[in-house]
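The primary structure of each chain is shown beneath.
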Amino acid sequence: MYKFENIVGNDNIINSFIKANENNTVSHAYILDGKEKTGKELISKTFAKLLLCENNYKNPCLKCSSCISFESGNNPDFFFIDSEKKSLGIADIRDNIIKNIETKPFKYKYKVFIIKDAHNMTIQAQNALLKTIEDPPKFAIFILLSKNYNSFLPTILSRCILFKIKPLLPNTIEKFLIDKGIDSNMAKFYSAYSRGSIGVALDIAYSEKFINFRQNIINDVEKLDSLDLIQMYNIINKYETMKQNINNILDIYLLVYRDSLIFKQTNSFDIVIQKDIQNCIKTISNMSVKNLINKIEALLKAKIYLEQNSNFNMTMEYLFFKLKEK
Ligand SMILES: [Zn+2]
């Protein structure tokens, strides 16, 4: 159900949307930028539903014909462009937007277009869209969802209001999970892996696969010190096949070293997040403080390199030599 109460955090963005709607100052084009699963789709769809609602200005009424048809996916004035392809071409923009903008809304005040993964638009597609958002009909509202607003042409950026979605604080996610009925220890643990994303936290909390995946990686962390070079390269090769999850893998390493460092310093499991792997944490906490900190630093660096699209194997080699340093 799309209503603002269902969105966690991002109050400033939601309030700007509501205010604009109340004051009749809604802009023709917005960009919602943020990492994977940070709520871009939920926020933008709720805003679209509000714009189209026949009764309310602050929150969709959930009762009018527009709200009802929106919820069932049949609102005639709402367009969600979700191309499965890696790039959004000029034909996608023409067929989904330009053709639909020639006619007035079917029933409601606006026609709202949300473009998912809009950062994947080709330059030609962006130019085609630009022509439309430079001189849009009164009723047209565009919301571009993106993971990297730097891939937009400056001319597109200058026409849109840009909102950046920030990762949520661990406490916010923890509370959200506890409200969903998840045990408080587990909520802390899932929140630590979620990187500030409710979507990721939920995926993890309800996934059996994640538990096995995590165990597999923790086994690697535990035996890391005893590996010879060939075994080390085997692990790098294994991770290459799991490349799309590398951020999760490195987060598991990070959390194990973080917890070991905490245990070493406090000699207690009170503020250790992963209370379910006490033996592993005790063993690893035998390393020196300096060694643990060096490992954490190397992991953080590797994450940055990967984010900047550095060569995967070189980054992993660098990381593993650092992790194996005594
Ligand atoms: Zn309504």
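Residues numbered from 1 in each chain as written. Predicted model: local features only at pLDDT ≥ 70, side-chain atom pairs only at ≥ 80, totals over all residues. Heavy atoms only, no water.

*Asks:* Looking at this model, I keep getting lost on the overall build of the protein. Mind explaining?
*Replies:* Tallying secondary structure elements over the protein gives 15 helices and 5 strands in all. Projected onto its principal axes, the C-alpha positions of the protein cover 70 × 40 × 30 Å. Evaluated residue by residue, the protein yields a buried proportion of 49% over its 326 residues. A separation of at least 24 residues holds for 70% of the contacts in the protein among residues at least 6 apart in sequence. Counting only carbon and sulfur atoms, one obtains 51% of the accessible surface of the protein, whose full area is about 16800 Å². The average position of the 44 basic charges and that of the 35 acidic charges among the side chains of the protein differ by 3 Å. (Helix = DSSP H or I, 4+ residues; strand = E, 2+ residues; numbered from the N terminus. Buried < 20%, exposed > 50% of the residue type's maximum accessible area, 1.4 Å probe, protein only. Contact = heavy atoms within 4.5 Å. Areas by Shrake-Rupley, 256 points an atom, 1.4 Å probe, with all protein chains shown as cover. Lys, Arg positive; Asp, Glu negative; His and termini not counted. Charge placed at Lys NZ, Arg CZ, Asp CG, Glu CD.)

*Asks:* So what exactly am I meant to see when it comes to helix α12 (residues 246-266) here?
*Replies:* For an α-helix the count is 3.6 residues per turn, leaving residues at separations of three or four pointing the same way. Taking 1.5 Å as the rise per residue, α12 with 21 residues should run 30 Å; its terminal C-alpha atoms sit 30 Å apart, in good agreement. Of all 21 residues that make up α12, 15 are buried, and the element is covered over most of its length. Of the residues one or two after α12, Asn267 is the one with positive phi, at around 55 degrees. (Expected span 1.5 Å × (residues − 1).)

*Asks:* What am I meant to see in the coordination of the zinc ion here?
*Replies:* Tetrahedral coordination by four donors sets the ideal angle at the metal to 109.5 degrees; octahedral coordination by six donors sets it to 90 or 180 degrees. Around the zinc ion, the protein contributes the donor atoms Cys53 (SG), Cys61 (SG), Cys64 (SG) and Cys67 (SG), which lie 2.3 to 2.4 Å from the metal centre. Taken together, the 4 donor atoms surrounding the zinc ion define angles of 102 to 119 degrees at the centre, an arrangement classified as tetrahedral. As a motif over one chain, the donors of the zinc ion read C-x7-C-x2-C-x2-C. Exposure class is identical for Cys61 and Cys67. Each is buried. (Donors = N, O, S within 2.8 Å, 3.2 Å for Na, K, Ca; no water. Tetrahedral: all angles 85-135°; square planar, octahedral: opposite > 155°, others 65-115°.)

*Asks:* Any chance you could explain the nonpolar core here in plain terms?
*Replies:* Side chains that are nonpolar tend, in soluble globular proteins, to be buried together. Counting 56 residues, the largest nonpolar core has Tyr239, Tyr253, Tyr257, Met316, Leu319 and Phe320 as the members making the most contacts within it. It is α12 that contributes the most residues to this core, 11 residues altogether. Contact partners of Phe320, with chain neighbours within four places excluded, come to Leu224, Met232, Ile235, Ile236, Tyr239 and Tyr253. Tyr30, Ile43, Phe70 and Ile114 belong to the second largest nonpolar core, which has 28 residues in total. (Core = buried A, V, L, I, M, F, W, Y, C linked by side-chain atoms within 4.5 Å.)

*Asks:* What is the right way to read the pattern of salt bridges from this model?
*Replies:* Side-chain pairing between opposite charges can occur once the charged atoms of the two side chains come close. Per the stated rule, a full pass over the model turns up 17 salt bridges. Of the charged contacts, one joins Lys37 and Asp203 as a salt bridge, the two residues approaching to 2.6 Å between their closest N and O atoms. Here the residue Lys37 occupies a position in the loop between β1 (29-33) and α2 (40-52), and Asp203 occupies one in helix α9 (residues 198-205), the gap between them amounting to 166 residues. Judged by relative accessible area, which is 38%, Lys37 ranks as partly exposed. Residue classification places Asp203 among the partly exposed residues on the basis of a relative accessible area of 39%. (Salt bridge = Lys/Arg side-chain N within 4 Å of Asp/Glu carboxyl O.)

*Asks:* Would you explain the packing of aromatic side chains in this entry?
*Replies:* Two aromatic rings, taken as a pair, are described by how far apart their centres are and by the angle between their planes. The final tally for this structure, using the stated rule, is 19 aromatic pairs. The interplanar angle of 70 degrees and the centroid separation of 5.3 Å between the aromatic rings of Tyr193 and Phe210 together place this pair among those described as edge-to-face. Within this pair, whereas Tyr193 is found in helix α8 (residues 184-193), its partner Phe210 is found in helix α10 (residues 208-223), the two being separated by 17 residues in sequence. A single burial state applies to Tyr193 and to Phe210, both of which are buried. (Phe/Tyr/Trp six-rings, centres within 6.5 Å; stacked < 30°, edge-to-face > 60°.)

*Asks:* So what exactly am I meant to see when it comes to the domain arrangement of the protein here?
*Replies:* Buried accessible area, meaning the area lost when the parts come together, often serves as the stated size of an interface. Here the protein is described as being made up of domain 1 (4-164) and domain 2 (207-324). Taking only C-alpha atoms, the centre of domain 1 and the centre of domain 2 are 40 Å apart. (Domains from an automatic or database assignment.)

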